[in-house]
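Fold and contact review
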Amino acid sequence: MRNKSVFILILTFLYPIFAFGQNISVQGKTNVPNALVRLLAYDEMFTCEQTQIAETQSDKDGKFTLKADITDITPSQIAINLERVDVILKPNGIYDFEIVVPEQNEGSYFEKEQPYLKINSIDDDGFYSQMIATQTFIDDFIYDNFNQLYRGRKMSLLDTLDNQLIRNVGKIEFQYIRDYVKYRKASVVMTYNKNKVLSEYIDNQEVLYCQEAYMDVFFDIAKVNVMTDDFLSRNNQVAELVKMQNLRKAFYENQKAKNVIYSELKTIENTSRYQKNKLIARNLAKQLEKLSHDSEAPDFTLKDKNGKTVKLSDYKNTMVLLQFVDRRSSLTEHEFAVLNDLQRQWNDTIEVITIATAELFQDYVQMFDNKGFKWQLLNLGDNILLLEDYKIKMCPAYVILKKNSRIGMSPAPSPDHDLEKHVRRISKYL
């Protein structure tokens, strides 16, 4: 009897965890079977840094279920392997999506077809459908009235927008959507009166960290230098954002100042009165550091054609050129030919490592054997997130590493576009 009482006590204690630990459910299907499926929530829309809040794998039929916990309406993405679609989630929402990843034909990365999302059903008190309807209506309204709004500066049309929005979408039931409408209108007002936007939409207003429309207006205002010292002194929260935006800009304009910039961001992270500003400072420092010159390169452990384990740390005493490849094409064949000539010239200056995707690895094994390429060939296998770690958007792609697995240049140019010059430049300073 005593054990039963203890069991009931434990269940009573754990009930809130089970009941509230996962308040959203995303069921779905994709045309990619056995894929890595992740749910990524934006921390904030200043850096757009994301936190993974759920992960699973699609089954042989492409079906998957994701469960997670959120406290507020949250802009997010669902990733199918490395392809992503945007979603916006509401606490206690139940979603059923279909995500289609188009088959890619050989050609430019910039011409690739993007994945798209189909909505099967949503149970979230009508938020998602009203959000999409509002976005679509405003986009169409601005397009239809572009000349009058942006060239004729007929701002009275914004009142018409409000009235037509109610007639076509209905009463806006959610504060998040009302804020979205407010700052979409502010972005139009920016074209003729920046000071009006500053005074009516930013000054003494709540900072909406997870509202993309707000952040778009903030970045536009920050560019035009209309924020006075008086404004910044009474808007400390915004002033810190302005400072961090200036630090981000300075980082890319003057790499020699990066240690000072990291120090300033660390100060904000440690001393700010605003928790979201602390988070932004931490996220921004992480983003600026990642793959920057002399930062630590993302580690990996992969297999060669013989199944032998190869680690990046095996090459810590030499420079390394990483080449990432997927499908073979005339471009790939050309770059391999140029790289082969360069590799013979480099001798021991730099080690070349080609990393091929799992589905095409055996094709490259055969190619290396047929062409007599002597450098290392590794199988990416199921380590596809390594491509995200190195920010690989298209293949072939190249990264130069200095000794001790430090970033020398990322991304690096292709073999027929100054790769040789940068390898020699970096080698000279080692």
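1. Re unusual backbone geometry
The step from C395 to P396 runs through a cis peptide bond, and the omega angle for that step is 0°. With respect to the helices and strands, the residue P396 is situated in the loop between helix 14 (385-389) and strand 14 (397-402). Between S410 and P411 the backbone carries a cis peptide bond, its omega angle lying at -5°. Looking at the secondary structure, you find P411 in strand 15 (residues 406-412). Positive phi, normally seen in glycine, also occurs at N34, with a value near 55°. With respect to the element layout, N34 can be found in the loop between strand 1 (24-30) and strand 2 (36-42).

2. Digging into helix 10 (residues 258-271)
Helix length check: helix 10, at 14 residues, gives a terminal C-alpha distance of 20 Å against a target of 20 Å (1.5 Å per residue), a fit within 8%. By the burial criterion, the buried members of helix 10 are K258, I261, Y262, L265, I268 and E269. All buried residues of helix 10 lie within an arc of 120° about the axis, which places them on one face of the element. Helix 10 presents N259, V260, N270 and T271 as exposed residues on the side facing more than 90 degrees away from its buried surface. Buried residues along helix 10 sit against helix 9 (236-253) and helix 11 (275-289).

3. Some points on the packing of aromatic side chains
Counting across every chain of the model gives 22 aromatic pairs. Ring geometry for F336 versus W375: centroids 6.2 Å apart, planes at 10°, classification stacked. Note that F336 is positioned in helix 12 (residues 330-346) and W375 in the loop between helix 13 (361-371) and strand 13 (376-379), a separation of 39 residues in sequence. For W375, a relative accessible area of 7% translates into the label buried. Aromatic pair F368 and W375: ring centres 5.4 Å apart, planes at 75°, arrangement edge-to-face.

4. Describing the side chain of T30
Along the chain, T30 turns up in strand 1. When its relative accessible area of 4% is taken as the criterion, T30 is described as buried. A polar atom in the side chain of T30 sits 3.5 Å from the side chain of N31. A distance of 3.1 Å separates the side chain of T30 from the backbone oxygen of I99, its partner in a polar contact. Leaving out residues up to four positions away in the same chain, T30 has contacts with S58, D61, G62, F64, I80, I99 and V101.

5. Looking at the nonpolar core
Core analysis: the biggest nonpolar cluster contains 81 residues, and I78 and F218 have the highest contact counts within it. Of all the elements, helix 5 (residues 175-189) adds the most residues to this core, at eight residues. Apart from residues no more than four positions distant in its own chain, F218 is found in contact with F46, M227, V238, L241 and V242. In this structure, V325, F368, I400 and A412 belong to the second largest nonpolar core, which totals 25 residues.

6. A short note on the sheet that holds strand 1
A sheet is described by the order of its strands in space; here four strands give the open sequence 4-1-7-8, paired in mixed fashion. Strands with a single pairing partner mark the edges of an open sheet, and in this sheet they are strand 4 (63-68) and strand 8 (116-123). Direction aside, neighbouring strands of the sheet carry axes that sit 20° apart on average. Sheet analysis places strand 1 next to strand 7 (residues 94-100), joined by six bridges and oriented parallel. Among the inter-strand pairings, V26 is bridged to a residue of strand 7, identified as Y95.

7. So, the environment of K258
In this structure, K258 sits in helix 10. C-alpha of K258 to C-alpha of L288: the two residues are 30 residues apart in sequence and 8.8 Å apart in space. The residues touching K258, leaving out its near neighbours within four places in the chain, are F251, S292, H293 and D294. Polar side-chain contacts of K258 include one of 2.7 Å to the backbone oxygen of H293.

8. So, the environment of C210
By the secondary structure assignment, C210 is in the loop between helix 6 (194-202) and helix 7 (212-223). Along the chain, C210 and Y42 lie 168 residues apart, while their C-alpha atoms are 7.6 Å from each other.

9. Comments concerning the pattern of salt bridges
Evaluation of the coordinates by the stated rule reveals 19 salt bridges. A salt bridge links E388 to R84, with the shortest nitrogen-to-oxygen separation between them at 2.9 Å. On the criterion of sequence distance, the pair formed by E388 in helix 14 and R84 in strand 6 (residues 83-89) is long-range, its members being 304 residues apart. Classification of E388 as partly exposed rests on a relative accessible area of 23%. Given the relative accessible area of 27%, R84 is considered partly exposed. Here the salt bridges share partners, and the residues they tie into one network are R38, R84 and E388.

10. Regarding the confidence of the model for the chain
Taken residue by residue, the chain gives an average pLDDT of 92. The fraction at 70 or more is 93%. Here residues 6-20 is modelled with pLDDT under 50, and outside its nearest four sequence neighbours on either side it reaches two contacts, counting other chains as well.

11. So, the sheet that holds strand 2
The strand order 3-2-5-6 describes an open sheet built from four strands, whose pairing is antiparallel. The open sheet has two edge strands, strand 3 (50-57) and strand 6, and neither has a second partner. Across the sheet, the mean angle separating the axes of adjacent strands is 25° when strand polarity is ignored. Here strand 5 (residues 74-80) pairs with strand 6 via seven bridges, running antiparallel. Each residue of the ladder has a partner; that of A79, found in strand 6, is R84.

Parameters and conventions
Residues numbered from 1 in each chain as written. Predicted model: local features only at pLDDT ≥ 70, side-chain atom pairs only at ≥ 80, totals over all residues. Heavy atoms only, no water. Helix = DSSP H or I, 4+ residues; strand = E, 2+ residues; numbered from the N terminus. Expected span 1.5 Å × (residues − 1). Buried < 20%, exposed > 50% of the residue type's maximum accessible area, 1.4 Å probe, protein only. Arc of directions from axis to C-beta. Contact = heavy atoms within 4.5 Å. Phe/Tyr/Trp six-rings, centres within 6.5 Å; stacked < 30°, edge-to-face > 60°. Polar contact = N/O pair within 3.5 Å; in protein donor to acceptor, adjacent residues only side chain to side chain. Core = buried A, V, L, I, M, F, W, Y, C linked by side-chain atoms within 4.5 Å. Pairing = 2+ DSSP bridges. Axes fitted to C-alpha atoms, helices over the stretch in contact; angles between N-to-C directions. Salt bridge = Lys/Arg side-chain N within 4 Å of Asp/Glu carboxyl O. pLDDT = per-residue confidence, 0-100.

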